[in-house]
Amino acid sequence: MTEHESTTEHSITTEHSITTEHSITHATFTIERHYDHSPERVFAAWADPVVKRRWFAGGGTGYELAFRVGGVEHNIGHHDGMEIRWESLYRDIVPGARIVYTSTLSMGDILVTVSQATVELVATDGGTRLTLTEQGAYLDGHERPEWREEGTGQQLIALATELEKPGDTSDS
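Note that the structure is a prediction, hence the values are computed from the model and not measured.

**Side note on the overall build of the protein**
Okay, so step 1: Secondary structure assignment for the protein yields three helices and eight strands.
Okay, so step 2: Along the chain direction, N to C, the helices and strands of the protein fall in the order β-β-α-α-β-β-β-β-β-β-α.
Okay, so step 3: Counted over contacts in the protein with a minimum sequence separation of 6, partners at least 24 positions apart contribute 47%.
Okay, so step 4: As displayed, the protein has an accessible area near 9600 Å², and 51% of this comes from carbon and sulfur atoms.

Encoded structure:
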């Protein structure tokens, strides 16, 4: 476990004497990336549902994005025959500067993680520094923090690829 990770375990015994192990792992990670585009262009790639679907949703069959404070994002996909559902609620949006959202990840009917994330965009010479920080609660060992960090990193690489495509969003 890293200094930003802790685990708690509980045993629950039902009246039929079946013991089910429950655990929770808390972890925080931060990923920083530099993009050769303005904060407005990077922000637009998060805000536009068509663009975000391309770099974020992968092969998801059910993707929706209502990018506004109080808006919800849904992404439904399948892995090993099981439905995977990602749902986010946007809590704070500052155009070109900051995005804050809370999310859940479920596998079928099983809640796997609950998290809060912030995305900060800062103009740099020649581009944007994006800093994404996520604080998560990983439930019952269904997902591990390092898996989430790796997947998030892969999405930010896909964002970089998306930003290199010619688009309607101008770099200011």
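**Digging into the packing of helix α1 (residues 39-47) against helix α3 (residues 145-163)**
The geometry of a pair of packed helices is captured by two quantities: the angle between their axes and the separation between those axes.
Okay, so step 1: Put simply, α1 and α3 touch, their axes get as near as 11 Å, and they point 115 degrees apart. It follows that α1 is roughly perpendicular to α3 by the angle criterion. The handedness of the crossing between α1 and α3 is right-handed. Of α3, the residues touching α1 (which contributes R41, V42, A45 and W46) are L156, L159, E162 and L163.
Okay, so step 2: Here the contact of α1 with α3 is composed, by residue class, of six nonpolar, no polar and two charged.

**Some thoughts on α1**
Okay, so step 1: Counting buried residues in α1 gives seven out of nine residues, a clear majority hidden from the surface.
Okay, so step 2: Among all positions of α1, only P39, R41, V42, F43, A44, A45 and W46 are buried.

**Topic: the pattern of salt bridges**
Okay, so step 1: Tallied over the full model, the rule gives nine salt bridges.
Okay, so step 2: Of the charged contacts in the structure, one is a salt bridge between E143 and R148, with a shortest N-O distance of 3.0 Å. Assigned by exposure class, E143 and R148 land together as buried.
Okay, so step 3: Of the charged contacts in the structure, one is a salt bridge between R144 and E146, with a shortest N-O distance of 2.6 Å.

**Observations concerning the packing of α1 against helix α2 (residues 49-57)**
Okay, so step 1: Running from amino to carboxyl end, α1 crosses α2 at an angle of 85 degrees, the nearest separation of the two axes being 6 Å. One element, α1, and the other, α2, form an angle in the roughly perpendicular class. On α2, the residues that touch A45, W46 and A47 of α1 are P49, V51, K52 and W55.
Okay, so step 2: For the contact of α1 with α2, the residue count by class is six nonpolar, no polar and one charged.

**What about unusual backbone geometry?**
Where the residue is not glycine, phi is negative for most of them; where a peptide bond is considered, it is trans in most cases.
Okay, so step 1: For D80, which is not glycine, the phi dihedral falls at a positive 50 degrees.
Okay, so step 2: Mapped onto the fold, D80 is located in the loop between β4 (72-79) and β5 (82-94).
Okay, so step 3: Classification of D80 by relative accessible area gives exposed; the value is 73%.
Okay, so step 4: In the Ramachandran plot, D140 falls in the positive-phi region, its phi being about 55 degrees despite a non-glycine side chain.
Okay, so step 5: In this structure, D140 sits in the loop between β8 (127-139) and α3.
Okay, so step 6: Judged by its relative accessible area of 30%, D140 falls in the partly exposed class.

About the thresholds
Residues numbered from 1 in each chain as written. Predicted model: local features only at pLDDT ≥ 70, side-chain atom pairs only at ≥ 80, totals over all residues. Heavy atoms only, no water. Helix = DSSP H or I, 4+ residues; strand = E, 2+ residues; numbered from the N terminus. Contact = heavy atoms within 4.5 Å. Areas by Shrake-Rupley, 256 points an atom, 1.4 Å probe, with all protein chains shown as cover. Axes fitted to C-alpha atoms, helices over the stretch in contact; angles between N-to-C directions. Parallel < 35°, antiparallel > 145°, perpendicular 65-115°, else oblique. Left-handed = near helix turned anticlockwise from the far one by under 90°. Nonpolar A, V, L, I, M, F, W, Y, C, P; charged D, E, K, R; others polar. Buried < 20%, exposed > 50% of the residue type's maximum accessible area, 1.4 Å probe, protein only. Salt bridge = Lys/Arg side-chain N within 4 Å of Asp/Glu carboxyl O.

Any link to function would need more than the numbers given here.
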